[in-house]
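Now for the letters of each chain:
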Amino acid sequence: MANAASGMAVHDDCKLKFLELKAKRTFRFIVFKIEEEQKQVLVEKLGEPSETYDDFSGSLPADECRYAVYDFDFVTEENCQKSRIFFIAWSPDTARVRSKMIYASSKDRFKRELDGIQVELQATDPTEMGLDVFKSRCN
């Protein structure tokens, strides 16, 4: 298990599931949760390839922080099918201050464990990570 700067360990499953998303496209998204008692980052939810953006955004709690990875498919102006792997640091305004601090201090170290992230988003409400934001960050 890797150790994040804030003292949070990163469960091996986090890296293994991310590699499956990246290499085999086994998942559309992964939601990660910091388990404060165990002091480690765990996989909370895996989104099947058939799941949509709405399924993804619905899996992020309205009042708790999470990390997430989303495999976003899009078509370029040249009509080429492409995808980008987004890392989302979800930190809603209504989350506990302690939780926001733990997620903020662990983010960079955790993100380094996931080799292959192409775009990072920081979101405090759903509008900051809408499909329009994803599309604008792909260009």
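Residues numbered from 1 in each chain as written. Predicted model: local features only at pLDDT ≥ 70, side-chain atom pairs only at ≥ 80, totals over all residues. Heavy atoms only, no water.

The name given to the protein in an unreviewed UniProt entry is Actin-depolymerizing factor 4, and the organism recorded there is Forsythia ovata. According to the UniProt record, the Sequence similarities (unreviewed entry) comment for the protein reads "Belongs to the actin-binding proteins ADF family." (UniProt positions renumbered as here; feature names shortened; annotations may be inferred.)

Participant: Could you clarify how one ought to interpret the overall build of the protein in this entry?
Facilitator: If you tally the helices and strands in the protein, you get 4 helices and 7 strands. In terms of overall dimensions, the protein has a C-alpha envelope of 45 × 30 × 25 Å along the principal axes. Expressed as a percentage of contacts within the protein between residues at least 6 apart in sequence, the contacts between residues at least 24 apart total 60%. As displayed, the protein offers around 7400 Å² of accessible surface, 47% of which is attributable to carbon and sulfur atoms. Side chains of the protein give 21 positive and 25 negative charges; the mean places of these two sets differ by 5 Å. (Helix = DSSP H or I, 4+ residues; strand = E, 2+ residues; numbered from the N terminus. Contact = heavy atoms within 4.5 Å. Areas by Shrake-Rupley, 256 points an atom, 1.4 Å probe, with all protein chains shown as cover. Lys, Arg positive; Asp, Glu negative; His and termini not counted. Charge placed at Lys NZ, Arg CZ, Asp CG, Glu CD.)

Participant: Would you explain the pairing of strand β7 (residues 119-123) in this entry?
Facilitator: Sheet faces and side chains relate simply in a regular strand, where the side chains alternate between the two faces. Only one face of β7 is covered, namely the face carrying Val119, Leu121 and Ala123; the face carrying Glu120 and Gln122 is uncovered. Taken together, the 5 bridges between strand β6 (residues 81-90) and β7 define a ladder with parallel strand orientation. Opposite Phe87, over in β7, you have Glu120 as the bridge partner. Note on the crossover from β6 through helix α3 (residues 97-113) to β7: the handedness is right-handed. (Buried < 20%, exposed > 50% of the residue type's maximum accessible area, 1.4 Å probe, protein only. Pairing = 2+ DSSP bridges. Right-handed = clockwise from strand over helix to strand, strands pointing away.)

Participant: Explanation requested: α3 in the structure shown.
Facilitator: Because each turn of an α-helix spans 3.6 residues, side chains separated by three or four positions in sequence point in the same direction. With 17 residues, α3 ought to run about 24 Å at 1.5 Å a step, and its terminal C-alpha atoms sit 25 Å apart, in line with that. Maximal helix bending in α3 amounts to about 50°, located at Lys107. For α3, every residue scored as buried is listed here: Ser99, Ile102, Tyr103, Ser106, Lys107, Phe110 and Glu113. (Expected span 1.5 Å × (residues − 1). Bend = angle between axes of the 7 residues up to and from the residue.)

Participant: I would appreciate a short explanation of the pairing of strand β4 (residues 40-47) in the present structure.
Facilitator: Of the pairings in the sheet, the one linking strand β2 (residues 9-10) to β4 comprises 2 bridges and is parallel in character. Looking at β4, one finds that Val10 is bridged to Val41. Bridge count for strand β3 (residues 29-35) against β4 is 7 bridges, and the pairing is antiparallel. Each residue of the ladder has a partner; that of Ile30, found in β4, is Leu46. A loop of 4 residues connects β3 with β4, the two strands running antiparallel in sequence, and Lys39 in this loop sits at a positive phi of about 55°.

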